[in-house]
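For reference, the chains in residue letters:
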Amino acid sequence: MTFPVGLNRVLEPAGVLPQAAWRLDARPEIGTDEVRIRVERLNLDAASFRQLATKHGGDGAAVRAEVLEIIGTRGKMHNPVTGSGGMLIGVVDEVGPESPLPVKAGDRVATLVSLTLTPLAVSDGLAGWDGLSEQVPAAGHAILFGRSVVAVLPDDLAPELALAVFDVCGAPALTDRIVKGYAGAATPVTVAVLGGAGKSGSLALTAARLAGARTVGVVVSDAERAALTAAGLADHVAVADARDPVAVSSAVVSALGAPATVTVVCVDVPGCEHGAILATASGGTVIFFSMATSFPAAALGAEGLAADVTMLVGNGYVPGHAEFALDVVRRTPAVRALFESRIAAH
C-alpha cells in the first residue's frame, strides 16, 4: 500500500496531513513509495531561526538545544511559534520500489519541501553546529513521500550555496510568472521588493528585472542599501522599515513615481502586510513570501484600505522553480556574490 502524501507517518492528531500534524513517525524503515535520505545539513527557515535566536538572546547553545527538542518531540523540524521549518540536503540511502521521485541511491539531493512535513531524526546531537546560523551541519535521516519534491544537487555550485538557493527558489519563479502576466499592460510594469537585500529578495528583484520590470528594493538599513546598490540588482534602492506602512509607501512612490504594479514581501519579521498593500497600485499584486506574514492582517488591512489588489501566498512551489533559481544565480554573478558573502558571514 502506498501513501503518497505521508498519512501513514502521522502520529497525532489522526486524520491530518503531515504538515498540520503535531507529531510524525520518523522511523528509518521506508514504505514502498518512500525515500530515505542520509542527512548532511539542515537549512532553517529565516523566520524560525530569527525567532529562536531572539528568544534565546543569541545564545547558540540554547538555540541548538531547542532545535533538538523540537525535532525529538515532533519527529520533524516544525517551529511551534512561527509554524515554519526549512529544508535539508543529504544523500539518498534507499528508494522504495514504487517511489515516483527521480532519484536513486547515492544521489546527493536537496529536499524542496518544508521540514514541517518531513519526518526527521537527528543522531549526532547537532554537535557540529554552534546555533548561530541558519545552516545546520547534521547527521541523521529524513523520509520523503511520493508527492515530495526533491532536486539532485548541481555539480557547479557548492552544496551550501545550492541549499541557500533552493531554500527560496519559489520566490524568483513566481515573481517571473506574475510579472510576465502583466505583459501588454498600458503602463510599464514596476516591482517593489521588501527585503530586497536578502536571499529571496535578491532573487525576486533579479527575476523581475530579467522579466522586463523596473524595480525598487526596499531595505532596512544604510548598510543593506550600500550592498544592494553595489550589486546593481535594482533600478532603485530605498531605506524604510517594512513595518511602517506610510514609510514603505512613500519610499516606493518616490522611487518609481507611483505605487508598484507588483510588491513582493521577503521580510522575515511580522507586521509588513499593510505597507506592502499601501505600496501597491490598484489592480496590482502583492506576493507574500515571508513565513512571518499574518494573513488575517493582510486580508483585513486590504479591506480597510479599500485596496483592489490581488494577494498571493508564495507557497514555495512553482513547476521548474529549482532550475529557474539556479539559472538566475548562474546568469547573475552579483546575486551569487551576495549569497556567497551571506554564507561566509555565518
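Presented here is a report on the structure given in the accompanying data block. All of these numbers come straight from a predicted model, not from anything done at the bench. (Residues numbered from 1 in each chain as written. Predicted model: local features only at pLDDT ≥ 70, side-chain atom pairs only at ≥ 80, totals over all residues. Heavy atoms only, no water.)

Turning our eyes to something else, we now look at the overall build of the chain. If you tally the helices and strands in the chain, you get 11 helices and 14 strands. In terms of C-alpha radius of gyration, the chain reaches 20 Å, essentially the compact-globule figure of 20 Å for 346 residues. The principal-axis extents of the C-alpha atoms in the chain amount to approximately 60 × 40 × 40 Å. For the chain, the residues scored as buried account for 53% of the 346 residues in total. Accessible area of the chain: about 14000 Å², with a carbon and sulfur share of 56%. Averaged over its 25 positive side-chain charges, the chain has a centre that lies 2 Å from the centre of its 34 negative ones. (Helix = DSSP H or I, 4+ residues; strand = E, 2+ residues; numbered from the N terminus. Rg over C-alpha atoms; globule rule 2.2 N^0.38 Å. Buried < 20%, exposed > 50% of the residue type's maximum accessible area, 1.4 Å probe, protein only. Areas by Shrake-Rupley, 256 points an atom, 1.4 Å probe, with all protein chains shown as cover. Lys, Arg positive; Asp, Glu negative; His and termini not counted. Charge placed at Lys NZ, Arg CZ, Asp CG, Glu CD.)

Glancing now at the pairing of strand S9 (residues 190–194). In the case of a regular strand, side chains alternate between the two sheet surfaces. When you tally the buried positions in S9, you get 5 out of 5 residues, the bulk of the element. In S9, alternate side chains face the same way, and those of Thr190, Ala192 and Leu194 on one face and Val191 and Val193 on the other are all buried. Relative to strand S10 (residues 214–219), S9 is paired through 5 bridges, and the arrangement is parallel. In the sheet register, Val191 faces S10, and the bridge partner there is Thr215. After leaving S9, the chain enters helix H5 (residues 199–210) and then returns to the sheet as S10, a path that is right-handed. (Pairing = 2+ DSSP bridges. Right-handed = clockwise from strand over helix to strand, strands pointing away.)

The next subject is unusual backbone geometry. Negative phi is the rule for most residues except glycine; trans is the rule for most peptide bonds. Note the cis peptide between Glu12 and Pro13, where omega equals -10°. In this model, Leu126 sits at a positive phi of 55°, which is unusual for a non-glycine residue. Within the element layout of this structure, Leu126 appears in the loop between strand S6 (120–122) and strand S7 (135–144). The phi dihedral of Ala306 is positive, around 50°, even though this residue is not glycine. Checked against the element boundaries, Ala306 lands in the loop between helix H9 (295–304) and strand S14 (310–313).

Moving on, we come to the side chain of Ser290. Within the fold, Ser290 resides in the loop between strand S13 (280–288) and H9. Looking at Ser290, the relative accessible area reads 5%, which means it is buried. Setting aside residues up to four positions removed in sequence, Ser290 forms contacts with Val265, Val267, Asp268 and Val269. (Contact = heavy atoms within 4.5 Å.)

Here we come to the nonpolar core. Judged by nonpolar contacts, the single largest core of 49 residues is most densely connected at Phe166, Val191, Val264 and Phe339. A per-element tally of this core places helix H3 (residues 159–167) first, with 6 residues. Apart from the residues within four sequence positions on either side, Phe339 is in contact with Leu161, Ala164, Val165, Val168, Lys199, Ser202 and Leu203. (Core = buried A, V, L, I, M, F, W, Y, C linked by side-chain atoms within 4.5 Å.)

Okay, the packing of helix H4 (residues 170–181) against helix H10 (residues 321–331) next. Running from amino to carboxyl end, H4 crosses H10 at an angle of 95°, the nearest separation of the two axes being 8 Å. In this view, H4 runs roughly perpendicular relative to H10, as classed from their interaxial angle. On H10, the residues touching Gly170, Pro172, Ala173 and Asp176 of H4 are His321, Phe324 and Ala325. (Axes fitted to C-alpha atoms, helices over the stretch in contact; angles between N-to-C directions. Parallel < 35°, antiparallel > 145°, perpendicular 65-115°, else oblique.)

Let us look at the pattern of salt bridges. For the structure shown, the criterion picks out 21 salt bridges. With a shortest N-O distance of 3.5 Å, Lys199 and Glu134 are connected by a salt bridge. In this pair, Lys199 is assigned in helix H5 and Glu134 in the loop between S6 and S7, connecting sequence segments 65 residues apart. Accessibility expressed as a relative area gives 8% for Lys199, which makes it buried. You can call Glu134 buried: its relative accessible area is 12%. In this structure, the salt-bridge partner of Asp241 is Arg243, at a minimum N-O distance of 3.0 Å. Residue classification places Asp241 among the partly exposed positions, given a relative accessible area of 30%. What emerges from the salt-bridge pattern is a single network uniting Arg36, Arg38, Asp93 and Glu94. (Salt bridge = Lys/Arg side-chain N within 4 Å of Asp/Glu carboxyl O.)

An α-helix turns once per 3.6 residues; consequently, residues spaced three or four apart project the same way. The complete set of buried residues in helix H1 (residues 46–55) reads Ala46, Ala47, Ser48, Phe49, Gln51 and Leu52. Measuring from the backbone nitrogen of Ala47 back to the side-chain oxygen at the start of H1 gives 3.0 Å, which picks out Asp45 as the cap. Directly beyond the C-terminal end of H1, a positive phi value near 60° is found at Gly57. (Polar contact = N/O pair within 3.5 Å; in protein donor to acceptor, adjacent residues only side chain to side chain.)

Within the open sheet, the 6 strands sit side by side as S6-S7-S3-S4-S5-S8. Their pairing is antiparallel. With one partner strand each, in any of the chains shown, S6 and strand S8 (150–152) form the two edges of the open sheet. Neighbour to neighbour, the strand axes of the sheet diverge by 35° on average, direction disregarded. Where strand S3 (residues 35–44) and strand S4 (residues 86–95) come together, 9 bridges link them in antiparallel fashion. Bridging across to S4, Arg41 finds its partner in Ile89. Strands in contact with helix H2 (residues 60–74) are S3 and S6; relative to S6, the strand with the most contacts, it is inclined by about 130°.

As a further point, take empty space enclosed by the protein. Counted under the stated rule, the structure contains 1 cavity of 30 Å³ or more. Size it by volume and the largest cavity reaches roughly 40 Å³. Contributing to the lining of the largest cavity are Val265, Val267, Val269, Pro270, Gly271, Cys272, Glu273, Phe288, Ser290, Ala292 and Thr293. Of the residues in the lining of the largest cavity, the class split is 7 nonpolar, 3 polar and 1 charged. (1 Å grid on protein atoms, 1.4 Å probe; cavity = no way out; pocket = protein on both sides within 12 Å on 5 of 7 lines; lining within 4 Å. Points joined across faces, edges and corners; volume = space filled by probe spheres on them. Nonpolar A, V, L, I, M, F, W, Y, C, P; charged D, E, K, R; others polar.)

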